[in-house]
Amino acid sequence: MTSQTLHEPAIELANLCKVYSGKGGSRLQALQGVTLAVRQGEVFGFLGPNGAGKSSAIKSIMGLITPSSGSVRIMGQPATDPDSRQPVGYLPENPSFYDTLTAEEYLLFVGRSFGMKWVTLRQETERVLKLLEIWDARKRPLRSFSKGMVQRVGIAQVLVHDPAILVLDEPMSGLDPLGRALVKEIILDLKSRGKTVFFSTHIIADVEEVCDRVGVILNGELRAVEEVREVMAAGVHGYRLKIRDTESGEIEEVTIHRPALSGYLHGLTPRKEILLMEPVRRNLEEFFLELVKGAAAPGPEAM
Amino acid sequence: MRFVMFITLKGFFRDRLVHGLLISLVFFAAIPSLSNLSMRQVTELSITLSLSMISVLQLVLAVFLGGTSLWKDIERRYAFSLLALPFSRGRYLLGKFLAVALFTLGVAVVLGCVTCAVVTIAAASYPPDRPIVWWNLLLAIGMDACKYILLSSFAFLFATVSSSFFLPVLGTLAVFMVGSASQGALEYLGSSEAATMAPLFKRTVSYLYYLVPNFSAFDLKVNAIYGIPVSGRGMILTLLYFVAYLGAVISLAMLLFSRREMK
C-alpha cells in the first residue's frame with residue numbers, strides 16, 4: 001500500500017446513477033446521484049428497504065453492472081479495472097458456487113485467483129473453514145450443503161485471501177442465530193484488525209452492534225450517512241429514574257424529558273434517593289423508520 | 001484464466017452429460033459386428049461408423065457443453081462471485097472456452113484410440129483390399145475436433161448475449177447446419193442448375209458464404225475411409241482458417257460479455 005492509497009477512501013462513489021432499461025422501453029432509476037466515501041478501516045452499514053438500490057450500488061462497486069453515469073473507485077482505482085478488486089473480498093446476496101466442487105476446492109480456487117502462495121493458501125483455507133465451522137464438511141460437494149452452509153462458504157471465500165476491503169451483500173441472510181453471532185464476531189475482529197467492511201443488511205440491530213457509520217438509501221437516493229454512535233447519542237430524548245423515599249421506603253419510577261432533567265434533579269428533596277437513572281433513547285430502527293416514512297428531513301449526502 | 005479453466009474442467013468430469021457420453025462408448029463395441037453386415041467393405045464401414053459416432057458425440061458436446069457452460073454460470077448465479085475476482089471478464093470467458101476446447105480435444109483423443117481399436121478388430125475379421133492409412137484416420141478425427149471447437153465458440157458467443165438456454169443451444173445447431181451446407185450451396189450457385197437465379201440472390205448467398213463458417217473444409221472422412229492422400233497445403237489453409245475464425249468469434253464474444261450487465 002503506497003502512502004497515497006493510505007489516504008484514499010477505501011470505496012468512493014461519485015454521483016453514481018444507474019438506470020435499468022426494460023422491455024417495452026420501460027426504465028427504472030435504481031440509483032440517483034449517490035455520493036459516498038467509505039473510509040479505510042471503518043465498518044459501514046448500508047441500510048435500505050427492498051428495492052432501494054443497495055444491491056445495485058454493491059454491484060457497481062464490484063463491476064458487475066456499469067453505472068449510467070458517475071464513477072466508482074476502490075482505493076483510488078476505477079472499479080472498471082479488474083486490478084481494483086485485488087484487495088477486495090465480495091459476498092454476493094444469496095451466494096451460489098460451483099456445486100460440483102467441494103468447499104475446500106472452491107476456496108483453493110479463490111485463493112489461487114488472488115495469487116496466493118500454495119502453502120499459505122492451504123493454511124488459510126484450513127483456518128477459515130474451521131472459523132466458519134464447516135471444516136468437517138470440506139470434502140463434500142457444495143450441492144449437498146444447506147443454504148446456511150453455503151452462506152458460510154461465501155463468507156469463508158471472502159476471508160481466505162485476507163482482503164483489506166470486504167463488501168458483503170446481506171451477510172447474515174440464511175444464517176441461524178449462532179451463525180449470525182459468529183459473523184458479527186468476525187466483523188468485529190476484522191474491524192479490530194483495521195479492515196474496511198461495507199455491508200448491506202435489513203437487520204438494524206446488526207448495524208447498531210458492529211458499524212461505525214450507517215448509510216440509508218431510499219428509492220435509489222442516499223438519504224443519510226451518520227455515525228452510529230452519534231445517532232445513538234442524539235437519540236436520547238429523556239431519562240427513566242427509579243427513586244426511593246428514604247423515610248417511607250416507597251420506590252417510584254418517573255420518566256423525565258431531557259430538557260427538564262436538570263430542573264427535576266434540583267427540585268428533589270434530600271430524602272429522595274436516586275436508585276437508577278437510564279437514558280430513554282430513540283434507537284437506530286426508529287431513526288431508519290423516520291427516514292423511510294419521510295418524517296425526518298432528507299439529510300445531505302455525506303462524505 | 002487457467003484457474004477458471006481447471007475448475008471448469010473439473011466440473012465437466014463430474015457432470016452428468018459427460019457420464020452419459022462415456023456410457024455411449026458402449027455403442028462403439030457394436031461397430032465391428034455391424035460392419036460385418038456390409039460383407040465386403042467391413043473396414044471402410046467400421047471407419048465410417050466410428051467417425052460418424054465421434055461426430056455425433058462431439059456435436060452433442062459442442063451444443064450442450066459449449067452452449068450451457070457460460071449460460072449455467074449466469075443462470076445459477078455462479079458468475080456473481082466469479083466475476084468479482086481480480087481478472088477481467090474476457091479472461092474468465094477465455095478460461096471457460098479453453099476448458100471446453102481442451103475437453104473436446106481430450107474426448108477426440110479417447111475416441112480416436114477407441115476407433116483405432118474398433119477398426120483393428122473389424123479389419124482382422126475381414127482384411128481390407130487396400131491398406132488402412134492410420135494417419136488419415138487420425139487427421140480426420142483431429143480436424144473434426146477443430147470443427148466442433150469452432151462450433152463451441154458460436155455457442156459461447158450466443159451465451160454472452162442470451163439470458164435463456166434456447167439461443168445458445170438452438171443457435172449453435174443452426175450454425176452447424178448452415179456451416180455444413182455452405183460449401184454445397186456455393187457450389188450449387190456456380191452450377192448450370194442455378195443459372196436462372198436472380199444475380200442479387202446469388203451475390204447475397206456468396207457474401208453469406210464468407211460470413212458463415214465452412215465446416216466442409218474440416219471434413220476428411222472420405223480421405224480416412226478410402227486412404228486418399230490429404231493435401232498438406234489444404235490442411236494448413238484450413239488450420240489458418242480455423243485460427244482466424246475462432247479468434248474473431250471469441251474476440252466478439254469477449255467484447256459482448258464485457259458489456260453484459262450482471263443484474
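Look above for the structure.
Residues numbered from 1 in each chain as written. Chains lettered and ligands numbered in written order. Predicted model: local features only at pLDDT ≥ 70, side-chain atom pairs only at ≥ 80, totals over all residues. Heavy atoms only, no water.

Caption draft 1: Looking closely at helix 11 (residues 232-258) of chain B. All names here are of chain B. Counted at 1.5 Å a residue, the expected span for helix 11 with its 27 residues is 39 Å, and the 39 Å between its end C-alpha atoms agrees. Three or more residues of helix 11 are buried, namely Met235, Thr238, Phe242, Tyr245, Leu246, Val249, Ile250, Ala253 and Phe257. Buried residues along helix 11 sit against helix 4 (42-75), helix 6 (89-125), helix 7 (134-161) and helix 9 (199-211). (Helix = DSSP H or I, 4+ residues; strand = E, 2+ residues; numbered from the N terminus. Expected span 1.5 Å × (residues − 1). Buried < 20%, exposed > 50% of the residue type's maximum accessible area, 1.4 Å probe, protein only. Contact = heavy atoms within 4.5 Å.)

Caption draft 2: Focus on the packing of aromatic side chains. Throughout the structure, instances matching the rule amount to 18 aromatic pairs over all chains. Geometrically, the ring pair formed by phenylalanine 176 of chain B and phenylalanine 215 of chain B is tilted, given 6.3 Å between the ring centres and 35° between the ring planes. On the criterion of sequence distance, the pair formed by phenylalanine 176 of chain B in helix 8 (residues 166-190) and phenylalanine 215 of chain B in the loop between helix 9 and helix 10 (221-226) is long-range, its members being 39 residues apart. Taken individually, phenylalanine 176 of chain B and phenylalanine 215 of chain B each receive the classification buried, so the pair is uniform in this respect. By the ring-pair criterion, three or more aromatic residues cluster together here, those being Phe154, Phe218, Tyr241, Phe242 and Tyr245 of chain B. Here lysine 130 of chain A stacks its cationic end above the ring of tryptophan 135 of chain A, 5.0 Å away from the centre of that ring. (Phe/Tyr/Trp six-rings, centres within 6.5 Å; stacked < 30°, edge-to-face > 60°. Lys NZ or Arg CZ within 6 Å of the ring centre and 35° of its normal.)

Caption draft 3: A look at helix 2 (residues 16-24) of chain B. Residue and element names in this part refer to chain B. Every buried residue belonging to helix 2 is among Val18, Leu21 and Ser24, and all of these are buried. Buried residues of helix 2, viewed axially, fall in a sector of 110°; they line one side. Counted as exposed and oriented over 90 degrees from the buried face of helix 2: Arg16 and Ile23. Buried residues in helix 2 make contact with helix 1 (2-13), helix 3 (26-35), helix 4 and helix 6. (Arc of directions from axis to C-beta.)

Caption draft 4: Quick look at the interface of chain B and chain A. Of the residues lining the interface, 28 residues belong to chain B; the matching set on chain A comes to 30 residues. Both sides together, the interface formed by chain B and chain A hides about 2600 Å², and carbon and sulfur atoms give 56% of it. At the boundary of chain B with chain A, the tally comes to three salt bridges. Our count for the chain B to chain A interface comes out at 16 residue pairs in polar contact (both at pLDDT 80 or more). Of all the secondary-structure elements, those providing two or more residues to the side of chain B that touches chain A are helix 1, helix 5 (78-82) and helix 6 of chain B. Ranked by the residues each element gives to the side of chain B that touches chain A, the list is headed by helix 1 of chain B, at seven residues. Classifying every residue of the side of chain B that touches chain A gives 13 nonpolar, four polar and eleven charged. (Buried area = accessible area lost by both parts, 1.4 Å probe. Salt bridge = Lys/Arg side-chain N within 4 Å of Asp/Glu carboxyl O. Polar contact = N/O pair within 3.5 Å; in protein donor to acceptor, adjacent residues only side chain to side chain. Nonpolar A, V, L, I, M, F, W, Y, C, P; charged D, E, K, R; others polar.)

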